[in-house]
Amino acid sequence: MSEFIEPPQTAKTNCTAAQYRADYVRSLSDPDGFWLEQAKRLDWIDPPTIGGEWSFDPVEIKWFADGTLNLCHNAVDRHLADKADKTALIFEPDDPDGAVRTLTFADLHVEVIRMANALKAMGVTKGARVTLYMPMVVEGVVAMLACARLGAVHSVVFGGFSPEALAGRIIDCDSHFVITADEGLRGGKPIALNANVDAALDEHDTQVKGVLVIKHTGADITMKEGRDHWYADLASDEDCPCEPMNAEDPLFILYTSGSTGKPKGVLHTTGGYGVWTATTFHYVFDHQPDDVFWCSADIGWITGHSYVTYGPLLNGATQVIFEGVPNYPDHGRFWATIARHKVSIFYTAPTAIRALMREGDSFVTAHDRSSLRLLGSVGEPINPEAWRWYRDVPGEGRVPVIDTWWQTETGGVMLTTLPYAHAMKPGSAGLPFFGVQPQLVDNEGQVLDGAAEGNLCLTASWPGQARTVYGDHDRFVQTYFSTYTGKYFTGDGCQRDEHGYYRITGRVDDVINVSGHRMGTAEVESALVLHPHVSEAAVVGFPHDIKGQGIYCYVTLNAGDEGSDDLAAELRQWVRKEIGPVATPDRIHFTDGLPKTRSGKIMRRILRKIAENDYGSLGDTSTLADPSLVDRLIEGRVKS
Ligand code: WTA
């Protein structure tokens, strides 16, 4: 067991090793009993008596279907009884010299009611979809909770997405309302959020009738009469009760990339998601009442939904809301913020850890990290070297590190070690959370037992599971349940060791993970072929030291057009404009053709290998229509 590191001892933990063993067994043998008990973490208007009712063939998933509750009540109102004066949110602005804002649960309650009343004034009602395009400020969290209060379905679109991408997500769920800010701020640079909303709505046919604008930077912006409203003008303090919601009523839609087509609107419902995020937060982060929690994710991603807005607040936790970026004003920002707010639990992504590791230890050691007792990682595989640095330098070698594997579709953490119960293995996420039943299968669907490597499936439902793709249940079934009938297929490759520890090896489909952001290669290809000079495009990932994966684009041009550095730069800009900066191609490789089979199918395997600089294992190329193309592609490989 030499690769294993024993967890530190503590007198107080939410889960010991023995308790994990017993509860894990129970969660599989009596899932309904187990989860109905966990459901008591929440306040219900009508407590559920039914646990899971689900089938993966045909696909239908329900949990706690006879329960009624409201998650905003659970995240805010119910804490007023005993935690009204406890700090809920500590806002750390992009500019470290800017104003830190602290809200107690009582303050948060006031804010949420003001926001809910503003939404009501615009016409938002139960079941309406509301699109959020927000900076990482208190009002982002407040807006999500206000939607939940009214029973409206929030759809948060990351502020780094382009007007095009925003419009697509507004249209797909037929959203009539948008909440935004005049501008966002990241690393000292303004982000023109309101102008992007204007561009999205002006250039596309949407049904949006109300845009609520939060004043953040105070920039001069244009307001469209009748459509755009300043938040301050509509906010009011009148009573605004929480809407009673059935456990299976939708809570939110979050768009995520898959291997084909446009991003899918993954739908989560109220009861199961609430129980899952509340329970995982309690155990995975071993949350104690005096902790100061900080998850650095943006609310535009699932991590920000589950471990900024819902998980911590459902548990009555104190947390930091961070507007900025890890390298502004310098590479010590994370650690300075931890020192400033005495953060005890910190949760971030490997890409940030790798980037900061490269800058040297002095940015870390300059700041006091004695408040830290737990570090977490999420979003992509963390290489053992970065894992060790994270534990040894920021964590002073004394704190447990958890590597949590999960997905937008799983709602919350699925695989991890528990901080004080389990030995850690750098590079491995670890063990299944309660109720999680992982299975490895080979490409033919044969189940692999014991220590093995294969495709990761989940064979049983869990409360936090996504219920459908908004408006397209067939796509939900096709995407997740058709590769291996009767199983949820994650799209990830995975190794299991002889101790039952799981190590995620990365996506096995056409999804790439760039700095922890999921990107469908098909989306980048669609953007590229919209350019007037581009004939065809094939996009693959390649290993990138900091970002985990980079975006490598093979591009063929129309007859008579020539590749050049200028055109490559233009194509990069083009993709940024179509999708957003997160999708900026790293490498553009102009080629006179793409490797295709005689039936015209692009052989992506070959393109991947070439981008990865792994020519030894190109495999069988004899079925290619033009086998000589491979040598030309290797020769033309773009190295930087
Ligand atoms: C990857 C983010 C390795 C994985 C919460 C998954 C990880 C995808 C880990 C989901 C981890 C997430 N180790 N890989 N700890 N966590 N992933 O939907 O490929 O943005 O399928 O959810 O990220 O990304 P998503």
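Our structure is the block above this text.
None of these values were measured; they are calculated from a predicted model.

Moving on: the side chain of T104. Looking at the element boundaries, T104 is found in strand β5 (residues 101–104). Assessed through its relative accessible area of 17%, T104 is described here as buried.

Time to look at the site of the ligand. What surrounds the ligand is a group of 17 residues, the closest being D403, T404, T408, D492 and R518. Contacts to the ligand include G379, whose backbone N or O atom sits 3.1 Å from a nitrogen atom. In this structure, an oxygen atom belonging to the ligand sits 2.8 Å away from a side-chain N or O atom of R507. At the level of secondary structure, the elements contributing two or more residues to the shell around the ligand comprise α11 (302–314), β20 (401–404) and β28 (502–507). Of the residues assigned to the shell around the ligand, the class counts are 6 nonpolar, 6 polar and 5 charged.

Membership of the largest hydrophobic core comes to 156 residues, with the highest contact counts inside it found for L108, L145 and F285. When residues of this core are assigned to their parent elements, the largest contribution, 10 residues, is made by helix α6 (residues 138–150). In this structure F285 touches T280, F293, Y307, I345, Y347, R373, L374 and I402, once residues within four positions along its chain are discounted. Ranked by size, the runner-up nonpolar core spans 27 residues in total, among them M357, L372, V393 and V399.

So, on to helix α18 (residues 565–578). For α18, which comprises 14 residues, the first-to-last C-alpha distance of 20 Å matches the rise-based estimate of 20 Å (1.5 Å per residue) to within 8%. Of the residues making up α18, those classed as buried are L567, A568, L571, V575 and E578. Along the axis of α18, the buried positions cluster into a sector of 105°, meaning they face one direction only. Opposite the buried face of α18, by more than 90 degrees, sit the exposed residues D565, D566, Q573 and K577.

All right, on to the sheet that holds strand β16 (residues 292–295) then. If you trace the 7 strands from one edge of the open sheet to the other, you get β5-β4-β17-β16-β18-β19-β20, paired in mixed fashion. Two strands close off the open sheet at either side, each with one partner strand: β5 and β20. Across the sheet, the mean angle separating the axes of adjacent strands is 20° when strand polarity is ignored. Strand direction decides the pairing type here: strand β4 (residues 87–92) and strand β17 (residues 318–322), joined by 4 bridges, are parallel. Of the residues in β17, the one forming a bridge with I90 is V320.

As a general point, the strands of a sheet are linked pairwise by backbone hydrogen bonds and lie either parallel or antiparallel. In spatial order, the strands read β24-β23-β25-β27-β28; together these 5 strands make up an open sheet with antiparallel pairing. Of all the strands in the sheet, the pair left with one neighbour each is β24 (447–448) and β28. Both strand β25 (residues 452–458) and strand β27 (residues 488–496) contribute to a ladder of 6 bridges, which runs antiparallel. Each residue of the ladder has a partner; that of G454, found in β27, is C494.

All right, on to the packing of helix α5 (residues 105–122) against α6 then. Direction vectors running N to C along α5 and α6 enclose 65°, while the axes themselves pass 8 Å from each other. Crossing handedness for the pair α5 and α6: right-handed. Contacts between α5 and α6 involve L108, H109, E111, V112, I113, M115, A116, L119 and K120 from the former and E139, V142, A143, L145, A146, C147, R149 and L150 from the latter. Here the residues of the contact of α5 with α6 are counted per class, giving 12 nonpolar, 1 polar and 4 charged.

Glancing now at the packing of aromatic side chains. Under the defined criterion, the tally for this structure stands at 41 aromatic pairs. Considering the side-chain rings of F334 and F346, the 5.0 Å spacing of their centres and the 70° angle between planes classify their relative orientation as edge-to-face. Placement of F334 in helix α12 (residues 333–341) and of F346 in strand β18 (residues 345–348) is noted, with a sequence separation of 12 residues between them. Residue classification places F334 among the buried positions, given a relative accessible area of 3%. Each ring, one from Y480 and one from Y488, has its centre 5.5 Å from the other, and the planes form 20°; the classification is stacked. A relative accessible area of 4% means that Y480 is categorised as buried. Taking relative accessible area as the criterion, Y488 reaches 1% and is therefore assigned buried.

Each value, and the rule that gives it
- Residues numbered from 1 in each chain as written.
- Predicted model: local features only at pLDDT ≥ 70, side-chain atom pairs only at ≥ 80, totals over all residues.
- Heavy atoms only, no water.
- Helix = DSSP H or I, 4+ residues; strand = E, 2+ residues; numbered from the N terminus.
- Buried < 20%, exposed > 50% of the residue type's maximum accessible area, 1.4 Å probe, protein only.
- Near = heavy atom within 4 Å.
- Polar contact = N/O pair within 3.5 Å; in protein donor to acceptor, adjacent residues only side chain to side chain.
- Nonpolar A, V, L, I, M, F, W, Y, C, P; charged D, E, K, R; others polar.
- Core = buried A, V, L, I, M, F, W, Y, C linked by side-chain atoms within 4.5 Å.
- Contact = heavy atoms within 4.5 Å.
- Expected span 1.5 Å × (residues − 1).
- Arc of directions from axis to C-beta.
- Pairing = 2+ DSSP bridges.
- Axes fitted to C-alpha atoms, helices over the stretch in contact; angles between N-to-C directions.
- Left-handed = near helix turned anticlockwise from the far one by under 90°.
- Phe/Tyr/Trp six-rings, centres within 6.5 Å; stacked < 30°, edge-to-face > 60°.

Remember, this is a structural readout, not a statement about activity or role.
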